[in-house]
Amino acid sequence: MTSRLSLHRRHLLAGSASALAAAGLGTWSSHAAAQAKPLPSYAAWKDANSVIVHSSSTIETRRSAFGTSVITPADQLYVRNNLPAPPASVLDNRDAWQVSIEGVRNPRTLTLGELKTMGLETVATVLQCSGNGRGFFPHKPSGTPWTVGAAGCVVWSGVPVRSVVEALGGVAGDTLVYMTGTGGEVLPEGVPVDSVLVERSVPLKAMGDALLAWEMNGAPLSLAHGGPVRLVVPGYNGVNNIKYVKRLAFTPTESTAKIMQHGYRMSPLGGKADPTQASVLEMNVKSWINSPHPESGTLKAGQMQIHGVAFSGTTPVTKVEVSVDGGKTWHAAHFVGPDLGRFAWRQFALHVKIPAGNYVMVSRATDAAGNVQPEHRLENQSGYSNNSWADHGVKVTVA
Ligand SMILES: Nc1nc2c(c(=O)[nH]1)N[C@H]1C(S)=C(S)[C@@H](COP(=O)(O)O)O[C@H]1N2
Ligand SMILES: [Mo]
């Protein structure tokens, strides 16, 4: 399976100019400054050497920490909170946590203990913040300048939402076309609820794959990742995966919360966000190389394993190509098993023999629907959904 190639220096002198420019090193240096911050108490158990602490509510996995065996360990997984996490005491009696199910024929408030009796499924998904890759946008959008580490691939265990809905008589009518999840944080006082509430609506079709999950990677769900119970919407951007979920409602319209109406909208450069613009829902096809990575330093000429991850939204990835000359020539990488399903990422690898020189290594994924990872990002004011292969390139010196 391993493909080999030998490269000649002359191939490497002039990579695609746009790829070289877009892969500018400037944004990567922002990490050094962020690195010094301590882990916040609710995430103190994270592996400090594997993460970059941007702030107490934004923690990124280091590119160099991503391994090759599919699952991202919990202590390396990124964290993103829009509000302070609930008090740790909510985990004292996990099964007592309540979730109100609305917009079904027989609406009810169910405890986690009850939910655990209603069905069980396990699914591996990529959890990725829609702002992952924001650090590569040249206009420096406000928000965390994540590069690749606001993402991971984890295994969830919980009850299928459709089983809960079925048990409660089904969705209460054809007009309820959204599934709306509400976070259970304690809200700050003195501000309108809608301005802070973490509440997101996704199209009803997402229900078919969704879980109310209480386990991640084989352990009870931590507070940092949404314990006692979290809504998991496979294939959808991170923000739609509501942590500490306290309400799951089938609704005729999208949530009126600011995070739905104005947050996470694909607004034009320089423009204002508004509810008519596309929201970040299903993820797009994407891949990046994790090794070599920007902190690899000078590598020794000879045999090398280039590896990384590739995924799409709700469609499996079918192909990854790797280029070491900034996108001029491409080589088929091979997938490294196991395949954990269409919502998980695939590890890819390419074995190469590399002579001394300067390289720009990039990867390009294709999914089963024929979507190909684009060279260029889709410009947008807040820096969402960056899947540009050029932006995710890695400059490597081999001596
Ligand atoms: N209740 C609640 N759910 C939430 C959030 C939040 O702030 N509160 N943040 C969202 C965002 S923006 C992302 S990217 C993911 C992050 O999940 P993680 O912290 O488990 O990595 O959770 C989503 N779910
Ligand atoms: Mo996010």
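Quantities reported herein were computed from a predicted structural model and do not represent experimental measurements.

Reading the values: the criteria
Residues numbered from 1 in each chain as written. Chains lettered and ligands numbered in written order. Predicted model: local features only at pLDDT ≥ 70, side-chain atom pairs only at ≥ 80, totals over all residues. Heavy atoms only, no water. Helix = DSSP H or I, 4+ residues; strand = E, 2+ residues; numbered from the N terminus. Rg over C-alpha atoms; globule rule 2.2 N^0.38 Å. Buried < 20%, exposed > 50% of the residue type's maximum accessible area, 1.4 Å probe, protein only. Contact = heavy atoms within 4.5 Å. Areas by Shrake-Rupley, 256 points an atom, 1.4 Å probe, with all protein chains shown as cover. Lys, Arg positive; Asp, Glu negative; His and termini not counted. Charge placed at Lys NZ, Arg CZ, Asp CG, Glu CD. Salt bridge = Lys/Arg side-chain N within 4 Å of Asp/Glu carboxyl O. Phe/Tyr/Trp six-rings, centres within 6.5 Å; stacked < 30°, edge-to-face > 60°. Lys NZ or Arg CZ within 6 Å of the ring centre and 35° of its normal.

Give me the overall build of the chain: which residues, what numbers.
Of regular secondary structure, the chain possesses six helices and 22 strands. Taken against the 2.2 N^0.38 rule, which gives 21 Å for 399 residues, the C-alpha radius of gyration of the chain at 21 Å falls within 12% of a compact globule. A principal-axis box enclosing the C-alpha atoms of the chain has dimensions of 70 × 45 × 40 Å. With 399 residues in all, the chain has 55% of them scored as buried. Pairs at least 24 residues apart make up 73% of the contacts formed inside the chain by residues separated by at least 6 positions. When the accessible surface of the chain is totalled, it reaches about 15700 Å², and 54% of it is carbon and sulfur. Once the 34 positive and 27 negative side-chain charges of the chain are each reduced to a mean point, those two points are 9 Å apart.

Account for the pattern of salt bridges, naming residues and giving values.
As enumerated under the stated definition, the model contains 13 salt bridges in all. Here Arg247 makes a salt bridge to Glu199, at a shortest N to O gap of 3.1 Å. With Arg247 in strand β13 (residues 245–251) and Glu199 in strand β9 (residues 199–203), this pair connects stretches of sequence that are 48 residues apart. Each of the salt bridges in this network shares a partner with another, and the network as a whole consists of Glu102, Glu199 and Arg247.

Break down the packing of aromatic side chains for me, with residues and values.
Each aromatic ring pair is described using two quantities: the centre-to-centre distance and the angle formed by the ring planes. Following the criterion strictly, the structure yields eight aromatic pairs and no others. When the centroid spacing of 5.9 Å and the interplanar angle of 90° are considered together, the rings of Trp288 and Phe311 count as edge-to-face. Here Phe311 lies in strand β16 (residues 302–311) and Trp288 lies in strand β14 (residues 286–291), a separation of 23 residues in the sequence. One exposure class covers both Trp288 and Phe311, and it is buried. Between Trp288 and Trp345 the ring centres are 6.0 Å apart and the planes differ by 85°, which places this aromatic pair in the edge-to-face class. Linking Trp288 in strand β14 with Trp345 in the loop between β19 (334–336) and β20 (346–354), this pair joins segments that are 57 residues apart in sequence. With respect to class, Trp288 is no different from Trp345; both count as buried. The residue whose ring lies beneath Arg364 is Trp330, and the NZ or CZ to ring-centre distance is 4.0 Å. Above the plane of the ring of Phe137 lies Arg377, whose end atom (NZ or CZ) is 5.6 Å from the centre.

Can you explain the environment of Ala124? Please cite residues and give values.
Residue placement: Ala124 occurs in strand β6 (residues 121–128). Along the chain, Ala124 and Val191 lie 67 residues apart, while their C-alpha atoms are 37 Å from each other. Residues within four places of Ala124 in sequence aside, it is in contact with Val154, Val155, Leu340, Phe343 and Ala344.

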